[in-house]
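Working through the structure, step by step
One letter stands for each residue in the lines below.
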Amino acid sequence: MPTFLRTHLTALRMLLVMTVILGIAYPLLITGISQLAFPAKANGSVVKADGKEIGSSLLGQSFDLPKQNPDDPDEQAQPDPKWFQPRPSAGGYDPKSSGASNLGPNSDELLKAVEERRAAVAAFDGVDPASVPADALTASGSGLDPQISVAYAEQQVKRVAEARGVPAERLEQLIAQYTDGRSLGFLGQPGVNVVLLNRAVADLK
């Protein structure tokens, strides 16, 4: 057999062997381990209500009132006072358009948006505009962050309690329950997972 042909056959055998090992066996092994060790996380940390999938604890979502005209793309959705609100999202919490606004700190457009959000959030929650936390005014880098600061969550307690007719103390307990600590114990700040918090709020009687 010619040398060049033996070389090509050897390369083909190696391709087939590595395809089986790295393309089939390894993915199946890792998938099996993840399904056994942490199935919920391996399947996307899906959040369910009444047996139906309503989201993921890893992805933020909006909690707005239904539009009066769902077919009108220009109609702005209004936040629902019965729910804790997430931070703003440049992509409207659409997983297909994850990203930031790309507006820099010297952008007049960004400054205008922040001031408009400050006034809107303060009026919605019934607080002093100067006390509105920064994460209520600026979007995250991904636009899909499910967490808000503890300060922003606590600011919304009175509104949600009044809208739902539940004790504010019960909502404070839920905030503490769904507050995640710093990463590795020292990175970042504690945050409240709004998706899980609102799921718990929905179960309140």
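Residues numbered from 1 in each chain as written. Predicted model: local features only at pLDDT ≥ 70, side-chain atom pairs only at ≥ 80, totals over all residues. Heavy atoms only, no water.

Considering the layout of surface pockets
Considered as a void within the structure, the largest pocket measures approximately 1,100 Å³ in volume. Around the largest pocket, the lining is made up of 33 residues, and of these Ala77, Arg87, Pro88, Ser89 and Arg117 lie nearest the centre. At 9 residues, helix H3 (residues 108–125) tops the list of elements feeding residues into the lining of the largest pocket. Taken together, the residues of the lining of the largest pocket sort by class into 18 nonpolar, 9 polar and 6 charged. Its boundaries defined by the atoms lining it, the second largest pocket holds a volume of some 200 Å³. Considering the residues around the second largest pocket, the lining is formed by 14 residues, among which Asp145, Gln147, Gln189, Pro190 and Gly191 are closest to the centre. If one sorts the elements of the lining of the second largest pocket by residue count, strand E3 (residues 147–149) sits on top with 3 residues. Tallied by class, the residues present in the lining of the second largest pocket amount to 3 nonpolar, 7 polar and 4 charged. (1 Å grid on protein atoms, 1.4 Å probe; cavity = no way out; pocket = protein on both sides within 12 Å on 5 of 7 lines; lining within 4 Å. Points joined across faces, edges and corners; volume = space filled by probe spheres on them. Helix = DSSP H or I, 4+ residues; strand = E, 2+ residues; numbered from the N terminus. Nonpolar A, V, L, I, M, F, W, Y, C, P; charged D, E, K, R; others polar.)

A short note on the sheet that holds strand E4 (residues 179–180)
If you walk across this open sheet you meet the 3 strands as E3-E5-E4, and the pairing is antiparallel. Strand pairing shows two members of the sheet lacking a second neighbour, E3 and E4, which therefore form its edges. Relative to strand E5 (residues 191–193), E3 is paired through 3 bridges, and the arrangement is antiparallel. When the bridges of E5 are listed, glutamine 147 appears paired with asparagine 193. Packing against the sheet, helix H7 (residues 194–202) makes contact with E3 and E5, and its axis sits at approximately 55° to E5. (Pairing = 2+ DSSP bridges. Contact = heavy atoms within 4.5 Å. Axes fitted to C-alpha atoms, helices over the stretch in contact; angles between N-to-C directions.)

So, the side chain of serine 140
Tracing the chain through its elements places serine 140 in the loop between H3 and E3. Overall, serine 140 belongs to the buried group, its relative accessible area being 8%. Side-chain polar atoms of serine 140 contact the backbone nitrogen of glycine 143, separated by 3.0 Å. In this structure, serine 140 is in contact with Arg87, Pro88, Gly99, Ala100 and Asp145, ignoring residues within four places of it in sequence. (Buried < 20%, exposed > 50% of the residue type's maximum accessible area, 1.4 Å probe, protein only. Polar contact = N/O pair within 3.5 Å; in protein donor to acceptor, adjacent residues only side chain to side chain.)

Quick word on the environment of proline 133
Checked against the element boundaries, proline 133 lands in the loop between H3 and E3. For proline 133 and alanine 176, which are 43 residues apart along the polypeptide, the C-alpha to C-alpha distance reads 18 Å. The contact partners of proline 133, leaving out residues within four places of it in the chain, are Ser149, Ala151, Tyr152 and Gln155.

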